[in-house]
Amino acid sequence: QVQLVESGGGLVQAGGSLRLSCAASGRTFSSYVMGWFRQAPGKEREFVAAITWSGGSTIYADSVKGRFTCSRDNAKNTVYLQMNSLKPEDTAVYYCAAGLRFRVTLGEYPYWGQGTQVTVSS
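Draft legend 1. The arrangement of unusual backbone geometry in detail. We note that N77 has phi near 55°; this positive angle belongs to a residue other than glycine. Tracing the backbone shows N77 in the loop between β7 (68–73) and β8 (78–83). For S85, which is not glycine, the phi torsion reads 50° and is therefore positive. Residue position: S85 is located in the loop between β8 and β9 (92–99). Relative accessible area serves as the criterion here: at 41%, S85 is assigned to the partly exposed category.

Next comes the structure, spelled out in structure tokens:
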């Protein structure tokens, strides 16, 4: 089992940047695929990005491709989401999640953090 804690959210103007972090407990962090998801008010939670166990491969939602970068540091048990060129439509609660398979669906990730709010003003 792994416990996840996100940080780094906040209020930023459109065009700005934020870096989210997700710290994981436990010794088996490198055994997990890590994903980022987000949920805007009144909308379903959606996939944003995922990264494989070693960090060698990543996948992104079309809406963030070219603007967001997911990375991980297994020595620090931390996964990051660098978000550049932010848009108002990126406003959401962002969640990190841990799973065993490199997938984009919520159901593949049994472990979730509590979320961090990102608000992008126009």
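Draft legend 2. Spatial organisation of the sheet that holds β8. One open sheet accounts for four strands, arranged β1-β3-β8-β7; its pairing is antiparallel. Two strands in the sheet have a free side with no partner beyond their single neighbour: β1 (4–7) and β7. Here the strands of the sheet are splayed against their neighbours by 15° on average, with no regard to which way each runs. The sheet contact formed by β1 and strand β3 (residues 18–24) spans four bridges and is antiparallel. Within β3, the residue paired with E6 across the bridge is C22.

Draft legend 3. Layout of the packing of aromatic side chains. By the definition in use, this model includes five aromatic pairs. Their ring planes at 90° and their centres at 5.9 Å tell us that Y32 and Y111 sit as a pair that is edge-to-face. On the criterion of sequence distance, the pair formed by Y32 in the loop between β3 and β4 (33–39) and Y111 in strand β10 (residues 111–112) is long-range, its members being 79 residues apart. For Y32, a relative accessible area of 8% gives the class buried. For the pair F37 and F47, a centre-to-centre distance of 5.7 Å together with 75° between the ring planes defines the contact as edge-to-face. Residue F37 is located in strand β4, and its partner F47 is located in strand β5 (residues 46–51); the two are separated by 10 residues in the primary sequence. Just as F37 is buried, F47 falls in that class too. Taken together, F37, F47, Y95, Y109 and W112 form an aromatic cluster joined through their ring pairs. Sitting over the ring of Y95, R45 keeps its end group 3.7 Å from the ring centre. Taking NZ or CZ as reference, R45 lies 5.0 Å from the ring centre of W112, over its face.

The rules behind the values
Residues numbered from 1 in each chain as written. Predicted model: local features only at pLDDT ≥ 70, side-chain atom pairs only at ≥ 80, totals over all residues. Heavy atoms only, no water. Helix = DSSP H or I, 4+ residues; strand = E, 2+ residues; numbered from the N terminus. Buried < 20%, exposed > 50% of the residue type's maximum accessible area, 1.4 Å probe, protein only. Pairing = 2+ DSSP bridges. Axes fitted to C-alpha atoms, helices over the stretch in contact; angles between N-to-C directions. Phe/Tyr/Trp six-rings, centres within 6.5 Å; stacked < 30°, edge-to-face > 60°. Lys NZ or Arg CZ within 6 Å of the ring centre and 35° of its normal.

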